[in-house]
Amino acid sequence: MSKPFPDDFLWGASTAAHQVEGGTHNQWSEWEQANAERLATTAERRNGWMPAWPDVKQQAQDPDNYISGDGVDHYNLYKEDFALLHKLNMNAFRFGIEWSRLEPAPGQWNEAEFAHYRRYFADIIAAKIEPVVSLWHWTMPVWFTNQGGMARRRNLQHWRRYVRKLAEELDWSDITYVLTINEANTYSGLSYGSGEWPPQHKNFAESLYVYYNLVSAHRIAVEELRRVWPHLRFGSAHQCNAVLPARKGKLTDWLMARVQAYYWNWWYLNRINKTQDFVGINYYFTDYRRGLQLLPKNPTEPVNDLGWYMNPAGLESVITEAWRRYKKPIIITENGVADHKDQYRQWWIDETIAAMQRSMQQGVQLFGYLHWSLLDNFEWASGYWPQFGLVTVNRKTMKRSIRPSAIHLAKRIVALSKKRRSHP
Ligand code: BGC
């Protein structure tokens, strides 16, 4: 079989500021302080059924697990992390800019933090790694969420002012790819629908409103950055799931699968389509619909440490449908498994590469794959016990160690590329 991966394909890994930087103060870090104890005492009730529970139990029942704290100190160690990317034969990296650092009070700017991200931009370019920059990955300054965050339409003016400032203060001339909003669906769903995440509102109408406001947030970000830096290419990182009918030939299952896929995957992407240059897809899940019921798992598939059943091949149907709908280049902006024993990751990666190859052979223009994540990191309300990293981190010493599955991916990258990309 021919190798369909182009020479300039972006092979890399993803992170998010709050999950790796350490030392962030935002609405999430405040929520962690207020909820760590509760999350630790209720961990067994929520997670006790998972196969990984005996191994992770001690950590999951420790309140410290739920405090992002020093993160994995990517804020200070980012150059070391760029070196890891090189070791893994990668040429691209997704990272975030943390709004709460830059605008500690409305309209007041922290010059030292701007200087940090200026250096960061310069250093990643100097390291010849293609940056994929995330603007919004769920965390916000506390003053912004105290005013209602993304659930108040008038707050979008704050967002506009912030992005305008990013356009003015940072040098975007060597950046190409910008991700505006990460997973508007997950955020509106978990923070306002199910009420599991801050601000823990349980109000379906409000979650729809937030989802809708995030469409505007995407457009505003594109408008503000494009005005100053017209060369930039924009997309969102949107969680797209493969949604299948649980029972073959059942009309209700088929219909509900279509409804769910529309609501979760395509509604948002349809709305931003005129202002996206490429489609960014985060893929983790294949969902099975039995009428109104979302099946908790498919018994024929293994589950990862978080209890998510794994069907990496489901990526193919997601990207082929995204291509059919939008006819725009696609990049996988996240994809990976919580797997502390590193027992599934290699298989997941191989299945994913095969799914990408199949879709490219059908004509899909795919230009990159960013694995979630480069490093073990702070997995939101689950804290540090779920391990998604190609590289594991000892949080006492912050020592990084490359996992065997990462070495495997590094070898596959070389085998799949005729020559490594040479950067400007
Ligand atoms: C998010 C990441 C998260 C990952 C694994 C994605 O939904 O964007 O922040 O860590 O999934 O749960």
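The structure we're discussing is the one just above.
Note that the coordinates shown come from a computational prediction; the quantities given were computed from them, not determined experimentally.

Undergrad: What am I meant to see in the overall build of the chain here?
TA: From N to C terminus, the chain includes 15 helices and 13 strands. Principal-axis analysis of the C-alpha atoms places the extent of the chain at approximately 55 × 50 × 45 Å. When burial is assessed residue by residue, the chain has 61% of its 424 residues classed as buried. Restricting the contact set of the chain to residue pairs at least 6 apart, pairs at least 24 apart contribute 78%. As displayed, the chain offers around 16900 Å² of accessible surface, 53% of which is attributable to carbon and sulfur atoms. Positive and negative side-chain charges in the chain, numbering 51 and 43 respectively, have mean positions lying 7 Å apart.

Undergrad: Explanation requested: the site of the ligand in the structure shown.
TA: Close to the ligand lie 13 residues, the nearest being Gln19, Glu183, Glu334, Glu379 and Trp380. The contact in question runs from an oxygen atom of the ligand to an N or O atom on the side chain of His137, over 2.8 Å. Here an oxygen atom of the ligand sits 2.5 Å away from a polar atom, N or O, in the side chain of Glu379. Considering the ligand on its own, with 310 Å² of exposed area, one finds that the protein chains cover 96% of that surface. Of the residues that constitute the shell around the ligand, the class distribution is six nonpolar, four polar and three charged.

Undergrad: Even after reading the chapter, I still don't get the pattern of salt bridges, so can you show me in this structure?
TA: Should the charged atoms of two oppositely charged side chains come close, the side chains can pair. Within this structure, the stated rule accounts for 22 salt bridges. Among the ionic pairs, Glu224 bridges to Arg227, the shortest N-O distance being 2.8 Å. With a gap of three residues between them, Glu224 and Arg227 both fall in helix 11 (residues 204-228), about one helical turn apart. Among the residues examined, Glu224 registers a relative accessible area of 1% and is labelled buried. The exposed category is assigned to Arg227, whose relative accessible area is 55%. Among the ionic pairs, Asp253 bridges to Arg247, the shortest N-O distance being 2.8 Å. Here Asp253 falls in the buried class, since its relative accessible area comes to 0%.

Undergrad: Even after reading the chapter, I still don't get the sheet that holds strand 1 (residues 10-14), so can you show me in this structure?
TA: Paired through their backbone hydrogen bonds, the strands of a sheet run either parallel or antiparallel. Strand order in the closed barrel formed by eight strands is 1-2-3-4-5-7-10-11, and the pairing between neighbours is parallel. Going across the sheet, the axis of each strand differs from the next one's by a mean of 25°, ignoring polarity. Relative to strand 5 (residues 233-239), helix 10 (residues 184-193) is tilted by about 45°, and along the sheet it contacts strand 3 (130-136), strand 4 (177-182) and strand 5.

Undergrad: Which parts of the structure should I look at to understand the environment of Asp376?
TA: In this fold, Asp376 is placed in the loop between strand 11 (366-372) and strand 12 (391-394). Taking relative accessible area as the criterion, Asp376 reaches 7% and is therefore assigned buried. Sequence-wise, Asp376 and Leu416 are 40 residues apart; in three dimensions their C-alpha atoms are separated by 26 Å. From its side chain, Asp376 meets the backbone nitrogen of Gly389 in a polar contact 2.8 Å long.

Reading the values: the criteria
Residues numbered from 1 in each chain as written. Predicted model: local features only at pLDDT ≥ 70, side-chain atom pairs only at ≥ 80, totals over all residues. Heavy atoms only, no water. Helix = DSSP H or I, 4+ residues; strand = E, 2+ residues; numbered from the N terminus. Buried < 20%, exposed > 50% of the residue type's maximum accessible area, 1.4 Å probe, protein only. Contact = heavy atoms within 4.5 Å. Areas by Shrake-Rupley, 256 points an atom, 1.4 Å probe, with all protein chains shown as cover. Lys, Arg positive; Asp, Glu negative; His and termini not counted. Charge placed at Lys NZ, Arg CZ, Asp CG, Glu CD. Near = heavy atom within 4 Å. Polar contact = N/O pair within 3.5 Å; in protein donor to acceptor, adjacent residues only side chain to side chain. Nonpolar A, V, L, I, M, F, W, Y, C, P; charged D, E, K, R; others polar. Salt bridge = Lys/Arg side-chain N within 4 Å of Asp/Glu carboxyl O. Pairing = 2+ DSSP bridges. Axes fitted to C-alpha atoms, helices over the stretch in contact; angles between N-to-C directions.

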